Amino acid sequence: MEKKWEEMSAEEKREARFATWYAAEGVEFQSPEAEAMYKASVTRFKDTVLMEKTPDRVPIFPIGTFMQTDLYGVTPYECMYDYDKLVSTNKQFLLDYKPDYYGSPAFIGSGKILEILEFQQYRWPGHGVSKNSGYQCVEGEYMKAEDYPSLIDDPSDFWLRTWIPRVFGTLAPLANLAPLTWLWEIVAVSGLTVPYGIPDVQNALKALLEAGNEAMVWFQKIQAFEMEAKGMGFPTAMGGAAKAPYDILADTLRGTRGIMTDLYRRPEMVSKAMERITPLQIKQGVGMATMAGNPMVFMPLHKGADGFLSDEQFRTFYWPPLKDVILGIASEGCVPFLFCEGSFNTRLKYLEELPRGSCFWIFDRTDMAKAKELIGDKICIGGNVPAGLLLTGTPEQVKAYCKELIDVAGKGGGFIMATGTGMDEGKPDTLHAMIDFTREYGVYR
């Protein structure tokens, strides 16, 4: 008798999720060779990340935002406003460079949708920065210090009636709404719907409808690309997404200055807020991965890098909720994909606490020899190919760097060749050098 999902162990759930990713249900492969390439890549990723067996070779995952399109002369602005150019250049990138995995162009987003909603938290190409530039975060306290109790009490209500009105200009009138939890019986219905008759609120709702219509156009283009890319034999290495609870506070809500003062003025509130956020991030990561049929859960790490927090602060505030999210996602059979921007040299010792094969970490400026020594026997590591080297170096220099990575970090398996950061630009000869050299040299014998 087949086990119910809730009766399965974490390992059984993980095996089931990998089987779904491998099966690629609904995908029409362009040829038997494409299907074989797809399934070999999924198997290679599984063997590398779970560390249960040595893969056939080092997996290759060049991580880019606007890099794929930059290689073909398409600007960041065009990526966000011309969906056909976005997907066509991403397809051409796969054909020309043949990486093992791709990062979905869905992570680029639609500039049209951001404009409709008047998104305030970022500047994007053609909207606050040059059409040739990538994103730029606008630091700010989008949650005030006095908002902690509201966030802790009811995160969804806080997001709907406080955070969203502050971050999306056209949605500011949503602050006039009453809490939806007040709508509990017939006597409440008429009075609580009054705010929806306010012209400003109605305009906000109309903007949401307009954004939704545009989102459907964007999504259909992205979805068509995803299916075609898989049919060509390329899996994506991104299923769901989540963040470290501290980064939700420090990036999204309080900003860098705000969170740093909170650590000293209201540390108990910071801890309570992260405790409230933690299960929400687990639920989001697992839910998105389930919908995608892909067990990988992308988690970009920001304020935990060396220099943002003291070791005591990292140990007290950043690591415990992050570890809980990692273990919570892993307990549902998904695989957290930690993308460590900056340096994590002083943080590596904490990773020794994680179970074998529970996740994998892509590093930017971390000492890979040290990472291999401390955690390489139980946790898959990758990345570390510098953007500066790829943009200003020679193919020979890139090959030499990749050889050192494979010899040191790739010894015995458990290593993914990847760029250390999500790149906005690309240089054909050095990118080819990284990919082609790894495919030839990174074979396990």
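Just so it is clear, the model here is predicted, and its values are computed rather than measured. (Residues numbered from 1 in each chain as written. Predicted model: local features only at pLDDT ≥ 70, side-chain atom pairs only at ≥ 80, totals over all residues. Heavy atoms only, no water.)

**A few points about the overall build of the chain**
Formally: In DSSP terms, a helix is any run of H or I states spanning at least four residues, a strand is any run of E spanning at least two, and both are numbered starting from the N terminus. Put simply, the radius of gyration uses C-alpha atoms, and a globule should come to 2.2 Å times the residue count raised to 0.38. Classification of residues uses two cut-offs on accessible area relative to the type maximum, computed with a 1.4 Å probe and protein chains only: under 20% is buried, over 50% is exposed, and between them is partly exposed. Pairs of residues are marked as contacts when any of their non-hydrogen atoms sit within 4.5 Å. Here the accessible surface of atoms and residues is derived via Shrake-Rupley with a 1.4 Å probe, and residues count as covered only by protein chains that are part of the display.
Scanning the chain for helices and strands turns up 19 helices and 10 strands. At 23 Å, the chain has a C-alpha radius of gyration in line with the 22 Å of a compact globule built from 445 residues. A principal-axis box enclosing the C-alpha atoms of the chain has dimensions of 75 × 55 × 45 Å. The buried share of the chain, reckoned over its 445 residues, is 52%. By sequence separation, contacts in the chain at least 24 residues apart represent 72% of the contacts at least 6 residues apart. Summing over all exposed atoms, the chain offers an accessible surface of approximately 19,700 Å²; the carbon and sulfur share of this is 55%.

**So, the state of the cysteines**
As used in these notes, a disulfide is a covalent bond between sulfur atoms, one from each of two cysteines. Applicable threshold: Whenever a pair of cysteine sulfur atoms sits within 2.5 Å, that pair is classed as a disulfide.
Under the counting rule described, the total for this entry stands at zero disulfides. The closest cysteine sulfur to the non-disulfide-bonded cysteine 359 is located on cysteine 380, 9.1 Å from its own sulfur. On the basis of relative accessible area, cysteine 359 is assigned to the buried category, the value being 0%.

**Observations regarding helix α12 (residues 255–265)**
What counts is decided by this rule: This arc describes the spread of directions from the helix axis toward the C-beta atoms.
Restricting attention to buried positions, one finds in α12 the residues Gly255, Gly258, Ile259, Asp262 and Leu263. All buried residues of α12 lie within an arc of 140 degrees about the axis, which places them on one face of the element. In α12, the exposed residues that point more than 90 degrees away from the buried face are Arg257, Tyr264 and Arg265.

**Quick look at the sheet that holds strand β5 (residues 240–241)**
Strand pairing in a sheet relies on backbone hydrogen bonds, with the paired strands running either antiparallel or parallel. Our working definition: We treat two strands as partners when DSSP finds at least two bridges between them. Lines fitted to C-alpha atoms define the axes here, with helix axes fitted over just the stretch in contact, and angles between the N-to-C directions of these axes take values from 0 to 180 degrees.
Taken together, seven strands build an open sheet; the order of strands is β1-β10-β9-β8-β7-β6-β5 and the sheet is parallel. Here the strands that pair on one side only, and so sit at the sheet edges, are β1 (60–61) and β5. Along the sheet face, helix α2 (residues 32–50) touches β6 (296–301), β7 (335–340), β8 (360–363), β9 (380–383) and β10 (415–418) and points at about 120 degrees away from the line of β10.

**Some thoughts on the side chain of lysine 303**
Going by this rule: We define a polar contact as two N or O atoms separated by no more than 3.5 Å, with the added condition that, inside protein, one atom must be a possible hydrogen donor and the other a possible acceptor, whereas residues neighbouring each other in sequence contribute only through side-chain atom pairs.
Note that lysine 303 resides in the loop between β6 and α14 (311–331). A polar contact of 3.5 Å, which involves the side chain of lysine 303, links it to the side chain of threonine 256. If we skip the residues at most four places from it in the chain, lysine 303 touches Glu139, Tyr246, Asp247, Ala250, Asp251, Thr256, Phe308, Leu309 and Tyr318.

**Here's the deal with the domain arrangement of the chain**
Applicable threshold: An automatic or database domain assignment supplies the residue ranges for each domain. Buried area, as used here, totals the accessible surface that two parts lose on assembly, with accessibility defined by a 1.4 Å probe and the loss added over both. Salt bridges are defined by distance alone: a side-chain nitrogen of Lys or Arg within 4 Å of a carboxyl oxygen of Asp or Glu. Residue polarity follows a fixed list, in which Ala, Val, Leu, Ile, Met, Phe, Trp, Tyr, Cys and Pro are nonpolar, Asp, Glu, Lys and Arg are charged, and the others, Gly among them, are polar.
Each domain of the chain was delimited in the assignment, giving domain 1 (5–108 + 232–441) and domain 2 (109–231). Spacing between the C-alpha centres of domain 1 and domain 2 amounts to 27 Å. With 52 residues of domain 1 at the contact, the number on the domain 2 side is 44 residues. Interface area for domain 1 against domain 2, summed over the two sides, is near 3,900 Å², with a carbon-plus-sulfur share of 61%. Summed over the three residues of domain 1 that lose the most area to domain 2, namely Tyr81, Tyr83 and Leu253, the buried surface amounts to 20% of that side. Applying the counting rule to domain 1 against domain 2 returns four salt bridges. Counting only elements with at least two residues in the side of domain 1 that touches domain 2, the list comes to α2, α4 (76–81), α5 (83–97), α11 (245–253), α12 and α13 (267–292). Classifying every residue of the side of domain 1 that touches domain 2 by side-chain character gives 29 nonpolar, 11 polar and 12 charged.

**Re the sheet that holds strand β3 (residues 128–129)**
With respect to topology, three strands assemble into an open sheet ordered β3-β2-β4, the strand pairing being mixed. In this open sheet, the two strands that pair with only one neighbour each are β3 and β4 (136–137). The pairing of strand β2 (residues 122–125) with β3 spans two bridges and is classified as parallel. By the bridge assignment for β3, tryptophan 124 is matched with glycine 128.

**Some thoughts on the pattern of salt bridges**
One pass over the full model with this rule turns up 27 salt bridges. As a salt-bridge pair, aspartate 100 and arginine 57 come within 2.8 Å of each other at their nearest N and O atoms. Here the residue aspartate 100 occupies a position in the loop between α5 and α6 (111–117), and arginine 57 occupies one in the loop between α2 and β1, the gap between them amounting to 43 residues. Classification of arginine 57 as buried rests on a relative accessible area of 10%. Measuring nitrogen to oxygen at the nearest pair gives 2.8 Å for the salt bridge that ties lysine 221 to aspartate 84. Highlighted residues: lysine 221 in helix α10 (residues 199–231) and aspartate 84 in helix α5, separated in sequence by 137 residues. Take lysine 221: its relative accessible area is 33%, and that puts it in the partly exposed class. Residue aspartate 84 is classed as partly exposed on the basis of its relative accessible area of 43%. Each of Glu141, Arg254, Arg257, Asp262 and Arg266 takes part in one network of salt bridges that share partners.

**Remarks on the environment of methionine 368**
Turning to its location among the elements, methionine 368 is positioned in helix α16 (residues 368–375). Residue methionine 368 is classed as buried on the basis of its relative accessible area of 5%. Each C-alpha atom of the pair methionine 368 and glutamate 404 lies 9.9 Å from the other, and the pair is 36 residues apart in sequence.

**Notes on the environment of alanine 387**
Position of alanine 387 relative to the elements: it lies in helix α17 (residues 387–392). With 34 residues separating them along the chain, alanine 387 and threonine 421 place their C-alpha atoms 6.9 Å apart. Leaving out residues up to four positions away in the same chain, alanine 387 has contacts with Thr421 and Met423.

**Topic: the pairing of β7**
For β7, the tally of buried residues reaches six of six residues, placing the bulk of the element in the interior. Across six bridges, the pairing between β6 and β7 is parallel. Bridge pairing in β7 places phenylalanine 298 opposite phenylalanine 337. Note that β7 and β8 share four bridges and pair parallel.

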